[in-house]
Each structure stands twice: as structure tokens, then as C-alpha cells.
Amino acid sequence: DSNWRNLCAAAAVDDLNFHDSRHFAATWLSKKIDSLALAKMLGHRDLRMLLNVYYKEDAASLVEKLG
């Protein structure tokens with residue numbers, strides 16, 4: 001916690017918390033890896049939380065993955 005606060009202070013960022021960075025990383029990773037791998041990486045035992053919050057696959061990206 002203190003490392004996070006020190007980094008934010010050094011970057012002159014006032015309104016960013018650790019969960020914001022986790023959410024950003026999880027959302028970015030959801031575009032790179034499948035939902036089960038992401039759940040394992042983040043420590044989610046229930047996929048519903050992961051799928052509702054982080055994994056926001058749109059139709060265009062699904063079509064792109066299918067080729």
C-alpha cells in the first residue's frame with residue numbers, strides 16, 4: 001500500500017487507487033487471453049464476477065478471432 005501511494009505521489013496522481021490499475025490490467029488482458037486463464041491469473045473462483053466486470057468481448061472481436 002505504501003509503495004502504491006509513493007508511486008502515485010511521485011507521478012503527481014491524486015485520484016488513482018490500486019483497484020483501478022488491477023481493473024485496467026484485467027480488462028486489457030481479457031483481450032489477450034481466454035476467460036479461464038484470466039480467472040486463474042486473478043484468483044477468481046467464480047467466473048460470473050470475471051465475466052461481468054472484466055471480460056467484455058464485443059461482436060467484432062469475436063468475429064476477428066473466428067477468422
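Criteria and thresholds
Residues numbered from 1 in each chain as written. Predicted model: local features only at pLDDT ≥ 70, side-chain atom pairs only at ≥ 80, totals over all residues. Heavy atoms only, no water. pLDDT = per-residue confidence, 0-100. Helix = DSSP H or I, 4+ residues; strand = E, 2+ residues; numbered from the N terminus. Phe/Tyr/Trp six-rings, centres within 6.5 Å; stacked < 30°, edge-to-face > 60°. Buried < 20%, exposed > 50% of the residue type's maximum accessible area, 1.4 Å probe, protein only. Salt bridge = Lys/Arg side-chain N within 4 Å of Asp/Glu carboxyl O.

Participant: Report on the confidence of the model for the chain, specifying residues and quantitative values.
Facilitator: For the chain, per-residue confidence averages 83 on the pLDDT scale, and residues scoring 70 or more make up 97% of the total. Per-residue pLDDT, averaged within each element of the chain, yields its smallest value for helix α4 (residues 47–53) (78) and its largest for helix α1 (residues 2–10) (89).

Participant: Let's hear about the packing of aromatic side chains: which residues, and what values?
Facilitator: Aromatic rings in a pair are described by how distant their centres are and how their planes are angled relative to each other. All chains considered together, the criterion is met by one aromatic pair. Measuring from centroid to centroid gives 5.6 Å for Trp4 and Phe18, while their planes differ by 90°, and the two rings are edge-to-face. Of this pair, Trp4 sits in helix α1 while Phe18 sits in helix α2 (residues 18–29); the two residues are 14 residues apart in sequence, bridging distant segments of the chain. Its relative accessible area of 52% is what places Phe18 among the exposed residues.

Participant: So what's going on with the pattern of salt bridges? Which residues, and what values?
Facilitator: Per the counting criterion, the structure on display carries one salt bridge. Ionic pairing is found between Asp46 and Arg48, a salt bridge with its closest N-O pair at 2.8 Å. The exposure class of Asp46 is partly exposed, given its relative accessible area of 34%.

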